[in-house]
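A structural walkthrough
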Amino acid sequence: MVGAGQAGLSASFHLRRLGLDHVVLDADERPGGAWQHRWDSLTMADVHGVADLPDAPAPGGSAERANEVVPAWFARYEAEHALPVERPVRVDRVTSEGDLLVVHAGERRWTTRTLVNATGTWSRPFVPSYPGAGEFRGEQLHTHDYPGPEHLAGKRVLVVGGGASAVQFIGELAPRTDVLWVTRRPPVWRDHFDEGLGRHAIELVQERVRAGLPPASVVSVTGLALRPQEQEAARLGAYDRRLPMFDRIEPDGVRWDHPAPGQPAFEPVDVILWATGFRPAVAHLAPLHLRSPRGGIALLQTGADVQTATVAERDPRVQLVGYGPSASTIGANRAGRAAALAVRRYVDSELRGAGDRALA
C-alpha cells in the first residue's frame, strides 16, 4: 500500500483484520498524512469534518491546531493497531512484471500481487496558467503553502477560487487586511450543508470516474455556507465584492480585458493566494497505463455505495482509495474497507487459479 493518511490507515486496518500481510509505504517522516502540513491557524473548530477511523472516534472540534491534533490521533492509531507503516519511503513508480507489481522507491523494491494506492492530493497543488504570472513582483501562494493571516497582514491579497478553502481564507483575512475575491463562476450559497446534496455530488463524481474522466469539484452541487467564524468578513462585505476571473497578471496586479460596467480594468495586489485545489497524486502509477483516453482512472464499484468504487478498471490488481468519490474522510473509510475486501477476493481467485493450473 502507498500512503498512510485517513484512507491508507482505514485500508490497512481492514487488511490486517482480514489476515492479509501487507506493508504501508508513507512518504512523510512522521504520522499525520496531509494534516501535518496544514497551516497553523486551522483549528479543529475550522475543519470541515473529520470522520472516525475504524474503531477510533475522531477528535472533536476545539481551538487546538488541526496540524497537531489529527497527526497525534493518527500516530496513536498506527501504534494501537500495530499497522505495518514504513517511513519515510517516497514511491517513484509502480511497474508490472508478469502477474506481479513492483513498487520502486529509489534503490528499494517491493513485489506484490496487489496494490492499494492511498496517496491523496496534497502533494499535487494545482495552479492554473495565466499570462504574465512569471512577471508578477508580489508573492504567489497556494493553499498548500498558506502561511496564516499574520504573514499577510497589511498586504492587499487576491484570493482566487470558489471553494470552501477560499471562503475560509477570506474569513480569516478580511478582518485584518484588504482582500479581493475572484472566481470562475458565481458561488452558490446555502444556509447549511444538505446531506442529500452531498450524496448527489458524490454520485456525480462517481459518474465522471466511471466514465474515465478526471474527478471534479463537488462545490458546484453542494454550494457554500458561511460558518460563525466567517460572519465578520461577511459583515465587512468581503464576499459581496467578488469579481470574475481576470485575463492576465501584470507585475503589480491583475487585469481584465473586458471589465463589466463599473468594474475597474486593473486591480493592484501584493499577494495572489491560489485556492484552486489539488489533483490526485498518481504519477507513480503511470507505467501501469491506468488512465483512459479521457484523462481519468476509471474505477469499478464493488458495492451499493458509490464510495466503494476502488478497483482500477484497466488493472484489477490496483485499488485506489481517497480518489474520486472516496476523496472525503468518510468516503476514505468506506473505500478502505471495500479495497481490503477486493484485495482478498483477488488474492483468493489467484490462489484458486494457481491450484487449478497445478492440477491440470
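Each value, and the rule that gives it
Residues numbered from 1 in each chain as written. Predicted model: local features only at pLDDT ≥ 70, side-chain atom pairs only at ≥ 80, totals over all residues. Heavy atoms only, no water. Helix = DSSP H or I, 4+ residues; strand = E, 2+ residues; numbered from the N terminus. Buried < 20%, exposed > 50% of the residue type's maximum accessible area, 1.4 Å probe, protein only. Polar contact = N/O pair within 3.5 Å; in protein donor to acceptor, adjacent residues only side chain to side chain. Contact = heavy atoms within 4.5 Å. Salt bridge = Lys/Arg side-chain N within 4 Å of Asp/Glu carboxyl O. pLDDT = per-residue confidence, 0-100. Pairing = 2+ DSSP bridges. Axes fitted to C-alpha atoms, helices over the stretch in contact; angles between N-to-C directions. Parallel < 35°, antiparallel > 145°, perpendicular 65-115°, else oblique. Left-handed = near helix turned anticlockwise from the far one by under 90°. Nonpolar A, V, L, I, M, F, W, Y, C, P; charged D, E, K, R; others polar. Patch = residues over 30% accessible without salt bridge, like charges linked within 9 Å, V, L, I, M, F, W, Y side chains within 5 Å. Areas by Shrake-Rupley, 256 points an atom, 1.4 Å probe, with all protein chains shown as cover. Lys, Arg positive; Asp, Glu negative; His and termini not counted. Charge placed at Lys NZ, Arg CZ, Asp CG, Glu CD. Right-handed = clockwise from strand over helix to strand, strands pointing away.

Right, let's get into the side chain of T177. Inspection of the secondary structure puts T177 in the loop between α4 (164-173) and β9 (179-183). Take T177: its relative accessible area is 12%, and that puts it in the buried class. For T177, the side chain forms a polar contact with the main-chain nitrogen of G154, separated by 3.2 Å. A distance of 2.5 Å separates a polar side-chain atom of T177 from the backbone oxygen of K155. Among all residues touching T177, those that are not within four sequence positions of it are L152, A153, G154, K155 and V157.

Following the criterion strictly, the structure yields 16 salt bridges and no others. Close ionic contact of E97 with R109 constitutes a salt bridge, the shortest N to O distance being 3.7 Å. With E97 in strand β3 (residues 93-97) and R109 in strand β5 (residues 108-112), the pair connects residues that are twelve residues apart, well separated along the chain. Given a relative accessible area of 47%, R109 falls into the partly exposed group. With its nearest N and O atoms 2.6 Å apart, the salt bridge here joins R137 to D252. Residue R137 is located in the loop between β6 (115-117) and β7 (139-142), and its partner D252 is located in the loop between β11 (248-250) and β12 (253-255); the two are separated by 115 residues in the primary sequence. On the accessibility criterion, R137 (60% relative accessible area) is exposed.

The next thing to look at is the confidence of the model for the protein chain. Confidence in the prediction for the protein chain averages 90 pLDDT; 89% of positions are at 70 or higher. Taken together, the stretch residues 356-360 has pLDDT below 50 and engages in one contact with residues farther than four places along the chain or on a different chain.

Below, the discussion takes up the sheet that holds β12. What links the strands of a sheet is backbone hydrogen bonding, and the strands pair in either a parallel or an antiparallel sense. Strand order across the open sheet formed by three strands is β11-β12-β13, with antiparallel pairing between neighbours. Each having just a single partner strand, β11 and β13 (266-268) make up the two edges of the open sheet. Taking each pair of neighbouring strands and ignoring which way they run, the sheet shows an average axis angle of 25 degrees. Two elements, β11 and β12, share three bridges in a ladder whose sense is antiparallel. Each bridged residue has a counterpart across the sheet, and for R248 the counterpart in β12 is R255.

Let's shift gears to unusual backbone geometry. For the bond from R87 to P88, the omega torsion is -10 degrees, close enough to zero to count as cis. Note that P88 resides in the loop between β2 (85-86) and β3. Here the phi dihedral of D55 falls at roughly 65 degrees; this positive angle occurs in a residue that is not glycine. Tracing the sequence through the fold places D55 in the loop between β1 (24-25) and α2 (66-80).

What follows deals with the packing of helix α1 (residues 6-17) against α2. Two elements in contact, α1 and α2, have axes whose closest approach is 11 Å; the angle formed by their N-to-C orientations is 15 degrees. Considering the angle they form, α1 stands roughly parallel to α2. Crossing of α1 over α2 shows left-handed handedness. Contacts between α1 and α2 involve Q6, L9 and F13 from the former and W73, F74, Y77 and E78 from the latter. A per-class count over the contact of α1 with α2 returns five nonpolar, one polar and one charged.

For the rest of this paragraph, the subject is a positive patch on the surface. Among the surface-exposed residues, R124, R184, R185, R279 and R291 lie close enough to one another that they form a single positively charged patch. Structurally, R279 is set in the loop between β14 (271-274) and β15 (299-301). By relative accessible area, R279 is classed as partly exposed at 33%.

Of all the five residues making up β9, five are buried; the element is thus mostly covered by neighbouring parts of the structure. Burial along β9 is two-sided: V179, W181 and T183 facing one way and L180 and V182 facing the other are all buried. As defined by bridge partners, strand β8 (residues 157-160) adjoins β9 across four bridges and the pair is classed as parallel. Paired with V157 across the strands is V179, a residue of β9. With α4 bridging β8 and its parallel neighbour β9, the resulting β-α-β unit is right-handed.

Before going further, it helps to spend a moment on the sheet that holds β14. Taken together, the five strands give an open sheet; going across it, the order is β7-β14-β8-β9-β10, and neighbouring strands pair in parallel fashion. The open sheet has two edge strands, β7 and β10 (243-244), and neither has a second partner. Judged from the four bridges that link them, β7 and β14 form a sheet pairing that is parallel. The partner of H142 across the bridge, within β14, is W274. Of the strands in this sheet, β8, β9 and β14 are in contact with α4, which crosses β9 at around 170 degrees.

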